Amino acid sequence: MESLEIVIAGGTLAAWTAAARLAATFGRALGVTVLQPPRHTPAPDADEQVVTLAPQVQRDLFDRLGIQEETWMRACSASFTLAVRYVNWRTEGSAESTPRPLPGHAPDRFDRPFAALPECEEFPLSEFWRLRRRTGETIEPFDRACFREPPLLDARRSPRWMDGRAAVPYGWHADAELLTRFLRRTAVRHFGVRTVHGTVRHAERDADGRLTALRTADGTRLSGDLFLDCTGPASLLLRGLLHEPFAEPPGRPLTDRTLTLSVPRDSAGDGIEPFGTATALPFGWAWHRPLPDRIGAGLVHASAWTDEEQAVRTLCALWGLRPGEADVRLHRRPAGTARRAWAHNCVALGAAAGCTDPLADAGLTDVLRQLDCLVRDFPARDHMRTSAARFNRAARQDRTAADDLALLQYRTAPRVDTAFWRSHRELPLSDTLSACLEGHRAGLAPEPPELPLRTLLAALDPQGGPPPAALLHRTTARRTADAHFARIRRQQRILLETLPSAATYLHRLHTRPPLAKPPALTSA
């Protein structure tokens, strides 16, 4: 392979993830330089002080860098998360973090674990639950019938036993700034990535429109063969220098503002929840992501119906804080998605190619998936067009899937108490989302690509459609499913009895001495 020079713009989490991943994969075959903002300048994607990392991040990133889970967790003040808990999405009312009662007095909450929805006799287990619900065999909520995790969340259990064995799939919450620094140290010290501080001012381009070099405000010139735009929503290269068109797709959720706040906490006294929350509000939703020493909180809203002052008051009230004394940060999300995430020899990763509603933003998981595509189809200097076309198709599919998931949640939530919720019910549906809703209401079993959407529908709209008619004639399959439900209940009891609290496990992880000989990091 020809030796190529890669220039990555942005001192963001996405930038240092890309730098470490590419340098570790290609070794000396690539020269990797990161152009990050001048010192003491906030990173352009710092709208999340605490990030959620899905289970595959260990495999897709840290394992490839030769880094053990315990090592990076300690460096990033990380905690476990088994699921996202959704609160008050099915009841109307004011902004409150406590679940309101549903008809029948059950609390308005449901959990979406990281664990895969179990299968049984060629059907997702949710379809047998729908049948049992329809025939009156159970009143148990979908999540508690089909997953082991919900009781563990209530009891604040760790996903690992004290000997380190994993009991259930889990992800992590991590301090975004600490994680970015950790990846920067790893990339520079162990994989030879170069760092330049400066502000991009303009670019040099050849006769075909490809970038040949970036110029900074102090006159530094960075030449390269491939440029990665990791500047977050600012999209300094793709939008700013290349003027790639950005357009707002029809049917995209209407939120465009995010507030973030860091809330101190004492996990030793209060315990720590092994999950994040997403709480519906009259004009948007709020999140909380706990770390051992603090909580990352945020609020997402639409400026068309809520001004900044009201949003700040609401976020502070949820945490018992005074608006004038809390360090609340406002982040405006630019409208639109890039027509091409890869234009000429510039590839935009993550938010640099367009922002999605945080409700469905996969964050680092999306960036790692894009890097996998880039590594697999890494182009020769003069043959980038085919690689770019495949990359752009995949990016469009990922973006559409994220928009569909977020819109489905806004649209299916049975709330019409404010203009915010009513307006989302009027947005057009994509063909994929329309087919999914029709299948749900007609009692068709979900196809594999629909599972994230149909899992959400099972929680938000449990009475929305009949179970698959085929199950009425599958007596043996129904008995197998009954045994599966019983096994889940039995495993829930065993795990509750044997797993330590999340606070206990994390306290030991973060306070015991580090390994005497950390695993060596080796480049390719």
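1. Details of the nonpolar core
For step 1, the next point in the chain: Counting 92 residues, the largest nonpolar core has Ile8, Trp72 and Leu228 as the members making the most contacts within it.
For step 2, the next point in the chain: Broken down by element, the residue count for this core peaks at 11 residues, all from helix α1 (residues 13-26).
For step 3, the next point in the chain: Ile8 has contacts with Ala15, Ala18, Ala19, Val32, Thr33, Val34, Leu35, Leu228 and Cys230, leaving out every residue within four places of it along the chain.
For step 4, the next point in the chain: Ranked by size, the runner-up nonpolar core spans 47 residues in total, among them Tyr86, Phe142, Trp287 and Ala477.

2. Description of the pattern of salt bridges
For step 1, the next point in the chain: Taken as a whole and judged by the stated rule, the model has 37 salt bridges.
For step 2, the next point in the chain: Here Arg109 ties to Asp154 by a salt bridge, and the two come within 3.6 Å at their closest N and O atoms. Here Arg109, found in strand β6 (residues 109-113), pairs with Asp154, found in helix α6 (residues 149-154); they are 45 residues apart in sequence, far enough to count as distant.
For step 3, the next point in the chain: Residue Asp154 is classed as partly exposed on the basis of its relative accessible area, which comes to 37%.
For step 4, the next point in the chain: Arg132 serves as the salt-bridge partner of Asp482, at 2.8 Å between the closest nitrogen and oxygen. Taken together, the residues span a long stretch of sequence, with Asp482 in helix α16 (residues 475-498) and Arg132 in helix α4 (residues 125-134) at a distance of 350 residues.
For step 5, the next point in the chain: Of the residues examined, Arg132 reaches a relative accessible area of 14% and is grouped as buried.
For step 6, the next point in the chain: Within this structure, Arg85, Arg109, Asp111, Arg144 and Asp154 form a network of salt bridges that share partners.

3. A word on helix α7 (residues 176-191)
For step 1, the next point in the chain: Between the first and last C-alpha of α7 there are 21 Å, a value that for 16 residues agrees with the 22 Å anticipated at 1.5 Å per step.
For step 2, the next point in the chain: Looking only at α7, the buried set comprises Ala176, Leu179, Thr180, Phe182, Leu183, Thr186, Ala187 and Phe191. All buried residues of α7 fall inside an arc of 160 degrees around its axis, so they share one side.
For step 3, the next point in the chain: Buried residues along α7 sit in contact with α1, β3 (50-53), α2 (56-65), α3 (69-75) and β9 (171-175).
For step 4, the next point in the chain: Capping of α7 at its N-terminal end is provided by Asp175; its side-chain oxygen lies 3.0 Å from the backbone amide nitrogen of Glu177.
For step 5, the next point in the chain: Following α7 by one or two positions, Gly192 adopts a phi angle in the positive range, close to 75 degrees.

About the thresholds
- Along each chain, residues carry numbers from 1 onward, in the same order as the chain's sequence is written.
- Totals for whole chains, interfaces and linings use all residues, but because this is a predicted model, local features are given only for residues with pLDDT of at least 70 and pairs of side-chain atoms are given and counted only at 80 or more.
- To obtain the side-chain values, all non-hydrogen atoms of the structure were included, while hydrogens and water were left out.
- Think of a nonpolar core as a cluster: buried Ala, Val, Leu, Ile, Met, Phe, Trp, Tyr and Cys residues, connected wherever their side-chain atoms sit within 4.5 Å.
- Three exposure classes are used, based on accessible area relative to the maximum for each residue type with a 1.4 Å probe and protein chains only: buried under 20%, partly exposed in between, and exposed over 50%.
- Counting from the N terminus, the helices are the DSSP runs of H or I reaching at least four residues and the strands are the DSSP runs of E reaching at least two.
- Throughout, a contact is declared for two residues whenever any of their heavy atoms are within 4.5 Å.
- We define a salt bridge as a side-chain nitrogen of Lys or Arg found within 4 Å of a carboxyl oxygen belonging to Asp or Glu.
- What a helix is expected to span follows from its residue count: subtract one and scale by 1.5 Å.
- This arc describes the spread of directions from the helix axis toward the C-beta atoms.
- Polar contact is the term for a pair of N or O atoms within 3.5 Å; when the atoms are in protein, one must be able to donate a hydrogen and the other to accept it, and sequence-neighboring residues count only if both atoms are side-chain atoms.

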